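So you can see what is in the structure, the chains are spelled out below.
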Amino acid sequence: MRNPDLDGAICATSPIGVFDSGVGGLSVLRAIRAALPFENLIYVADSGHAPYGDQTEAYITQRTLRVGQWLVESGVKAITIACNTATVVAARSLREHTALPVVAIEPAIKPAVVQTRTGVVGVLATRQTVQSESVARLCALHGAEVRIVLQACPGWVALVEQADLHSAQTEALVRQYVQPLIDQGADTLVLGCTHYPFLRDTIQRVAGEGVTLIDPAEAVARELVRRLDVHTLASGPKPGQTLVFTTGNVAQVQSTIAQLWGEGVTVEALNAV
Ligand code: DGL
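Everything numeric in this text was worked out from a predicted model, so none of it was measured.

What counts and what doesn't
Residues numbered from 1 in each chain as written. Predicted model: local features only at pLDDT ≥ 70, side-chain atom pairs only at ≥ 80, totals over all residues. Heavy atoms only, no water. Helix = DSSP H or I, 4+ residues; strand = E, 2+ residues; numbered from the N terminus. Expected span 1.5 Å × (residues − 1). Buried < 20%, exposed > 50% of the residue type's maximum accessible area, 1.4 Å probe, protein only. Contact = heavy atoms within 4.5 Å. 1 Å grid on protein atoms, 1.4 Å probe; cavity = no way out; pocket = protein on both sides within 12 Å on 5 of 7 lines; lining within 4 Å. Points joined across faces, edges and corners; volume = space filled by probe spheres on them. Nonpolar A, V, L, I, M, F, W, Y, C, P; charged D, E, K, R; others polar. Core = buried A, V, L, I, M, F, W, Y, C linked by side-chain atoms within 4.5 Å. pLDDT = per-residue confidence, 0-100. Pairing = 2+ DSSP bridges. Axes fitted to C-alpha atoms, helices over the stretch in contact; angles between N-to-C directions. Near = heavy atom within 4 Å. Polar contact = N/O pair within 3.5 Å; in protein donor to acceptor, adjacent residues only side chain to side chain. Areas by Shrake-Rupley, 256 points an atom, 1.4 Å probe, with all protein chains shown as cover. Sits in = over half its atoms within 2 Å of the grid points.

Q: Honestly, unusual backbone geometry in this entry has me stumped. Any pointers?
A: Peptide bonds are mostly trans, and most non-glycine residues show a negative phi. In this chain, alanine 50 is followed by proline 51 through a cis amide linkage whose omega measures -5 degrees. Checked against the element boundaries, proline 51 lands in the loop between strand E2 (41–45) and helix H2 (57–73). In the Ramachandran plot, alanine 163 falls in the positive-phi region, its phi being about 55 degrees despite a non-glycine side chain. Within the secondary structure, alanine 163 sits in the loop between helix H7 (156–161) and helix H8 (168–183).

Printed below as a string of structure tokens:
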């Protein structure tokens, strides 16, 4: 992967690259857009290779490096990994391959531990994320005083990719993974996959109003702002553009994004990665 000189190939008006296995990272992209209205954003939905959470570590690392390389070659000034699974498996590899600032989302276990009153925290995430060493480390670091229950949620990513957020089938699959956590006394649930904030209403309905759902997207956007300031890479003053690319079915992704993003976004095919 090319390592551009931060003082040379890129500049303040260069775009920020954001990627996920699919459309889930839009939950992070919207926080970034709100925090950085003047930045140009390039979003990659690697939907042709989703879900990452059911793939091997080698495959997830290969996809992360390929998408990362494409973003670097597209001239981005920073990369945000808007995918917990890619972060816990491959953020270190990506950082070894580029000198650009890399900001990565990971399950918000620390704030959940601070907030719980029952002493039981549920973490909803993909199979790879709940099995990862990174999450085991986070639990060991922050979980001494509380019980942390990790729950894989296979099937949820596919529901969000199809924008199937409120059907009876969706509620049943949400209940299957949320109810056992509530039964164990969890009052705080970590949304440990960027697709899951789009299921927030259904998760909240199933979990009950008293349960707190934690999504670290805004914290990631704040960290990105901080990193851009450190590197004096902040842009402005024209409103930024958002370009969206996908390795999947363009029409399907465009239709899903229109429903999740709330406004029309043109999606372009990305076949080269
Ligand atoms: N949205 C991703 C995450 O935050 C991954 C979903 C998947 O492809 O399994 O983990």
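Q: Hey, could you run me through H2 in this one?
A: Given 3.6 residues per helical turn, the α-helix brings residues three or four places apart onto the same face. Along its 17 residues, H2 runs 24 Å from first to last C-alpha, staying within 8% of the 24 Å computed at 1.5 Å per residue. Burial in H2 covers these residues: Ile60, Thr61, Arg63, Thr64, Leu65, Val67, Gly68, Trp70, Leu71 and Val72. Elements that come into contact with the buried residues of H2 comprise strand E1 (16–20), E2, strand E3 (78–81), helix H3 (84–97), helix H5 (127–131) and strand E9 (242–246). Remark: glycine 75 follows H2 within two positions and exhibits a positive phi of approximately 90 degrees.

Q: I keep staring at the layout of surface pockets and nothing clicks. Help me out?
A: If a probe as big as a water molecule is rolled over the atoms, it shows which places are left empty. In this structure, the largest pocket spans a volume of roughly 440 Å³. What lines the largest pocket is a set of 15 residues, and nearest its centre among them are Thr87, Val88, Arg92, Ser134 and Arg137. Of all the secondary structure elements, the ones that give two or more residues to the lining of the largest pocket are H3 and helix H6 (133–142). Top element by residues in the lining of the largest pocket is H3. It accounts for 7 residues. Here the residues of the lining of the largest pocket are counted per class, giving 4 nonpolar, 5 polar and 6 charged.

Q: It is not clear to me how the nonpolar core should be interpreted in this structure. Could you clarify?
A: Leu124, Trp156, Leu189 and Ile203 are the most contacted members of the largest nonpolar core, which has 54 residues in total. Those residues in contact with leucine 189 that sit more than four places away from it in its chain are Gly122, Leu124, Val178, Leu181, Ile182, Ile203, Ala207, Val211, Thr212, Leu213 and Ile214. Core analysis: the second largest hydrophobic core is formed by 39 residues, Val44, Val76, Ile81 and Val102 among them.

Q: Would you mind showing me how to read the confidence of the model for the protein here?
A: Of the residues in the protein, 95% reach a pLDDT of 70 or more, and the chain-wide mean stands at 93. Between residues 2–8, whose pLDDT stays under 50, and residues either more than four places distant or in other chains, the model counts 16 contacts.

Q: Looking at this model, I keep getting lost on the sheet that holds strand E5 (residues 120–125). Mind explaining?
A: The strand order across the open sheet built from 4 strands is E6-E5-E7-E8, with neighbouring strands paired in parallel fashion. At either end of the open sheet lies a strand with only one pairing partner, and these are strand E6 (147–152) and strand E8 (212–214). Geometrically, the sheet is characterised by an average inter-axis angle of 25 degrees between neighbouring strands, direction not taken into account.

Q: How do you make sense of the site of the ligand when you look at a structure like this?
A: Contacts to the ligand come from 13 residues, most closely from Ser21, Tyr52, Gly53, Asn84 and Thr85. At 2.6 Å, a side-chain N or O of threonine 85 approaches an oxygen atom of the ligand. Between the ligand and threonine 194 there is a distance of 2.8 Å, counted from an oxygen atom to a backbone nitrogen or oxygen. In isolation the ligand has 300 Å² of accessible area, and contact with the protein removes 99% of it. Structurally, the ligand is housed in the largest cavity. Across the shell around the ligand, the residue classes break down as 5 nonpolar, 7 polar and 1 charged.

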